[in-house]
Amino acid sequence: MTVKEIAELIEEKAPLSLAAEYDNSGMVVETHNDEVNKIVVALDMTAEVIEKAVSENANLIVTHHPIIFSPIKKLKLDVSVTSLVMKAVKNNIAVYSAHTNFDNCSGGIADAIMDALGAYDCEELEEDGCGRVGNVENRKLSDIVRSLTEFTGSSSLRVSGEKDRRIRRIAVINGAGGRDESIIDVLRKKDVGLFVTGEMKHSLALELKANGIAFIDVEHYCAERVFVRLMSAVLKKSGAEIIEFEETNPYEE
């Protein structure tokens, strides 16, 4: 398959129409529309990821987080973002990012977390398709924490709520869902007892606690590292060799 055909394959799974307005999902670095033999899949496009692509002679990198979010006005080698983009172009490596569209699509990251927690009757949490909400079988909060620890591989989940509290309804926003106070109204309307997210702002944590809603702050990287596995499964249909790259947690050496 060519770069363009692989982009179409990804968008068949995660249409760009599902991406948030602020997002920059899609082809971030567009090079020649060559046949693709090797694809590096990663959460982020870091120096290590592009070095891996160069050393493996891969001509496509697929990431979750887009390397370019804000407009670039100058190309400077001493700036991480532009230096990585320039290196990709120099080595004829295309870069595609499936971000909030892959969060929100059927079988995407939010669904994977809900499945790991044994949730059922799941539906979209917000009207724009962001997040999921669903029911669980009256589970203790401590049991849910255990399941989430196993799924994410994180042993440092930040949890608010009594460990013996019984949870019947869970909401998940795997990314930075804990940074907007407006989510409180949504959670209350959906009768959510536990909110799971990848980032939690201090002021929102206080507000959740005041409203009697338990929450778990997973850590962004750990909440979304499953992207590599999920995207690799999608890309196998391309026939290209898939190289999974997972070591991009900025909080670890």
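See the structure shown above.
All figures in this text were calculated on a predicted structure; none of them were measured in a lab. (Residues numbered from 1 in each chain as written. Predicted model: local features only at pLDDT ≥ 70, side-chain atom pairs only at ≥ 80, totals over all residues. Heavy atoms only, no water.)

**Examining the packing of helix H5 (residues 109–116) against helix H6 (residues 141–152)**
Here's step 1: Packing of H5 against H6 leaves a shortest axis separation of 9 Å and a crossing angle of 130°. Judged by the angle between their axes, H5 and H6 are oblique. H6 is crossed by H5, and the crossing has right-handed handedness. Listed contacts from H6 to Ala112, Ile113 and Ala116 of H5 are Ser147, Leu148 and Phe151.
Here's step 2: Of the residues that constitute the contact of H5 with H6, the class distribution is 5 nonpolar, 1 polar and no charged. (Axes fitted to C-alpha atoms, helices over the stretch in contact; angles between N-to-C directions. Helix = DSSP H or I, 4+ residues; strand = E, 2+ residues; numbered from the N terminus. Parallel < 35°, antiparallel > 145°, perpendicular 65-115°, else oblique. Left-handed = near helix turned anticlockwise from the far one by under 90°. Contact = heavy atoms within 4.5 Å. Nonpolar A, V, L, I, M, F, W, Y, C, P; charged D, E, K, R; others polar.)

**Remarks on the pattern of salt bridges**
Here's step 1: Tallying each qualifying case throughout the model produces 12 salt bridges.
Here's step 2: Note that Lys87 is salt-bridged to Glu51, the shortest N-O span being 2.1 Å. Residue Lys87 is found in helix H3 (residues 80–90), and its partner Glu51 is found in helix H2 (residues 47–55); the two are separated by 36 residues along the sequence.
Here's step 3: With a relative accessible area of 28%, Lys87 lands in the partly exposed category.
Here's step 4: In this structure Glu51 comes out as partly exposed when scored by relative accessible area, which is 40%.
Here's step 5: In this structure, the salt-bridge partner of Lys140 is Asp164, at a minimum N-O distance of 4.0 Å. One end of the pair, Lys140, is in strand E6 (residues 132–140); the other, Asp164, is in the loop between strand E7 (158–160) and strand E8 (166–173), and 24 residues separate them in sequence.
Here's step 6: For Lys140, a relative accessible area of 28% gives the class partly exposed. (Salt bridge = Lys/Arg side-chain N within 4 Å of Asp/Glu carboxyl O. Buried < 20%, exposed > 50% of the residue type's maximum accessible area, 1.4 Å probe, protein only.)

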